[in-house]
Amino acid sequence: MPDVVLLNLSPYRPLSTKVLARSLVKAGVSCSVLDFSDLERKTVSPNLAKGTYAPSKFGEFVEKVKKEIDKESKELSKVKFIGISFYDWELEKHITFPISHYLKKNFPSALLVGGGPAFNTNPKGFFSAARLDYAIAGEGEKAFPALVKAIMSGDKKRIGEVEGVLMRKGGRIVLPAKKAMLTREEIENSPITFAKEASGRVVTYTERGCANACVFCSVPRKGKPVALKDETIIEGIKELSDLKYIKEIHFADDQLFFDKERTMRLFNKIIALGLNKRFKFSGLATVDSFLKNGQVDVEFIRFLKRANFSQLSVGTEALNDAMLKELKGGRFTAILAMKVNEALRSAGISTAHFMLAGGIETRGKDFLESYYRGLVRGMKHRSDYFQPAIVQAFRTSAYFDKAKKEGALFTQHGKPFKGTGNRSTTAAFVVPKDPALREVFLKALRNGKKSFNQYDVETMVDLSKKLDALGQNSPGMTRRLQKQLGVELSHDDRAANLWHNFFFLAIKREIKNKGLPQNSKGYTMLMADEAMKQRLMQEAKYSAKKYSQERQRAEKLKGISRLRQIAKMRNKFGVGMELPDRYRAIRRK
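Asker: Break down the overall build of the protein chain for me, citing the residues and quoting the values.
Answerer: When its secondary structure is counted, the protein chain shows 27 helices and 21 strands. For a compact globule of 589 residues, the expected C-alpha radius of gyration is about 25 Å, and the protein chain comes in at 27 Å, within 12% of that figure. A principal-axis box enclosing the C-alpha atoms of the protein chain has dimensions of 85 × 65 × 55 Å. By residue count, 52% of the 589 residues in the protein chain fall in the buried class. Sequence-distant contacts in the protein chain: of pairs separated by 6 or more residues, those separated by 24 or more amount to 72%. Summed over its atoms, the accessible surface of the protein chain is roughly 28,000 Å², and 52% of this surface lies on carbon and sulfur atoms. Looking at the protein chain, you have 106 positive and 64 negative side-chain charges, and the mean spots of the two groups are 3 Å apart.

Asker: Any details on the confidence of the model for the protein chain? Residues and values, ideally.
Answerer: Residue-level pLDDT values for the protein chain average 87, and 92% of them are 70 or greater. Within the model, pLDDT remains below 50 along residues 580-589, and this stretch shows 16 contacts once partners closer than five positions in the same chain are excluded.

Asker: Describe unusual backbone geometry, and please don't skip the residues or the numbers.
Answerer: Although it is not a glycine, Asn308 sits at a positive phi angle of roughly 80 degrees. Within the element layout of this structure, Asn308 appears in the loop between helix 16 (298-306) and strand 16 (309-317). Asn308 gets classed as partly exposed once you look at its relative accessible area, which sits at 24%. Despite not being glycine, Glu317 has its phi angle at roughly 80 degrees, a positive value. With respect to the element layout, Glu317 can be found in strand 16.

Asker: Tell me about the sheet that holds strand 19 (residues 392-393), and please be specific about residues and values.
Answerer: The pairing of strands in a sheet comes from backbone hydrogen bonds and takes either a parallel or an antiparallel form. As summarised here, the arrangement of the three strands in space is 19-21-20, forming an open sheet in which the pairing is antiparallel. Looking along the sheet, the strands with just one partner apiece sit at the ends: strand 19 and strand 20 (409-410). Judged from the two bridges that link them, strand 19 and strand 21 (residues 428-430) form a sheet pairing that is antiparallel. In the strand pairing of strand 21, Ala393 is matched with Ala428.

Asker: Residue-level account of the pairing of strand 17 (residues 350-355), with values.
Answerer: In this structure, strand 16 lies alongside strand 17, joined through six bridges in parallel fashion. Following the sheet pairing, Leu312 is matched in strand 17 by Thr351. Of the pairings in the sheet, the one linking strand 17 to strand 18 (residues 384-385) comprises two bridges and is parallel in character. Opposite Ala352, over in strand 18, you have Asp384 as the bridge partner.

Asker: Describe the packing of helix 21 (residues 435-446) against helix 22 (residues 457-470), with residues and values.
Answerer: Two numbers describe how helix 21 lies on helix 22: the axes approach to 10 Å, and their chain directions differ by 160 degrees. Of the possible angle classes, the one that applies to helix 21 and helix 22 is roughly antiparallel. Once helix 21 is placed against helix 22, the crossing between them reads as right-handed. Contact residues: helix 21 offers Ala436, Leu437, Glu439 and Val440, while helix 22 offers Thr459, Met460, Leu463, Lys466 and Leu467.

Asker: Outline the side chain of Ser241, listing residues and values.
Answerer: Within the secondary structure, Ser241 sits in the loop between helix 13 (230-240) and strand 12 (248-251). The exposure class assigned to Ser241 is buried, which follows from its relative accessible area of 17%. Ignoring sequence-local partners within four residues, the contact set of Ser241 consists of Leu275, Arg278 and Phe279.

The rules behind these values
- Residues numbered from 1 in each chain as written.
- Predicted model: local features only at pLDDT ≥ 70, side-chain atom pairs only at ≥ 80, totals over all residues.
- Heavy atoms only, no water.
- Helix = DSSP H or I, 4+ residues; strand = E, 2+ residues; numbered from the N terminus.
- Rg over C-alpha atoms; globule rule 2.2 N^0.38 Å.
- Buried < 20%, exposed > 50% of the residue type's maximum accessible area, 1.4 Å probe, protein only.
- Contact = heavy atoms within 4.5 Å.
- Areas by Shrake-Rupley, 256 points an atom, 1.4 Å probe, with all protein chains shown as cover.
- Lys, Arg positive; Asp, Glu negative; His and termini not counted.
- Charge placed at Lys NZ, Arg CZ, Asp CG, Glu CD.
- pLDDT = per-residue confidence, 0-100.
- Pairing = 2+ DSSP bridges.
- Axes fitted to C-alpha atoms, helices over the stretch in contact; angles between N-to-C directions.
- Parallel < 35°, antiparallel > 145°, perpendicular 65-115°, else oblique.
- Left-handed = near helix turned anticlockwise from the far one by under 90°.

Okay, structure coming up:
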């Protein structure tokens, strides 16, 4: 029976949980992991991807987790510690808190220990709300095993000596003198850890820390990243080579290419060993990772392609200079950000960009320019620009204090933020001071939205017209947005009707296969079978979705590659780039 059970409630494979479990076992503490990432991805994540909160899905997820916990009740009733990670976002109220409370009620003999980013930004609030016995602020690999062993020894003095521990004393929550942090030597000598995902991918990290410390970020280790030894990373990747089903390695470092010299040294070794032919790589980066002397570093990008990087998620945040100055310290311009994307795309590296909706000082014209640029590039498949998210301000940040002073903090329901108490976990969102833009942000929050997407073009047209009337808009922005609205409606039309075309083709095929009359009588006879009808409808929806994906791939290609993709589509769907007459007839109606 393990001493510790760790729960993973996030949509991601439990990389950090696995690192912590390894540290516990190394310290002589037995441990097991309950991983609910697959369940979370099926119930919660699809709704969050739309930019909306769906309380019913949160409740569904919580109830399913409770049932899985009940299946493990025999084991959980005997464990001494249960560990849970918390993030400082509103979602924890709907998911992690209810599960924490359920564990506390049903397994009272186990001590609940919290960890994660929330205890770096709002320690007292999350400690109280989750009803925890202990928590670790900072990095837990050394502190958590030390806490477990101290408690098991019965020596209260030892408990108080563990770095980074939150606890209760006389009904008060006592914060640690400092966060638990590994030393530089401890990180450099750490073993590499991989968390396996479905679809042949593993996730790992090769360094800790971020030198940028952006105003909206809660990363605990700020400053120059500390890296694992090259030899450790190389040996870990070599060991993965024996696992035939693993095709991709994703690096979850906060900024993988901060130290270009280290990057080139490491990946030159990977290339020399031929590991770039065995695996493809992906990771996280920022725009300035690809700049040199104020210009795009084309040679570095080509090197990454040679190393077999196939996809990068880039912290771009905005495509407007005024927004970038506030949110990223003006480290690069919007033009350079777009040039970097084109250079990566030209090299054959696909990109996805994290985007923010704006800061305290963002003007309506700034927001619209950034939104429009990302929208157009996304629609033309130049890249994936994620939905611009409304910035959440963390309590321990100077940005939170500034937004509070400026009256720019609001709750997720669009009400003025008042949750300033030490034990509040209410999330605070930054809403720009610009009156016209503030109205758009508050309306989104009140409708349960935390971001803006391509379906908000009509709202942006209205905002643009309002700014025109006030003389505060960029010339021609309204016209450009109106044009994009027409494009978006066209895409919506295709999405809404495309499956009808595949439904028609499926019906035609079944009528022929069953030897029915190939006319309206045969159609009526086939549709009389409700089970057949439902099966064909589902098949058509699936085909339409897959066709759209293949068509997007074709639109990105040129020359012989494009022709081969079109031939593949015709063989698979019976449809190339042009839709059959049946679809065009539907559209005319």
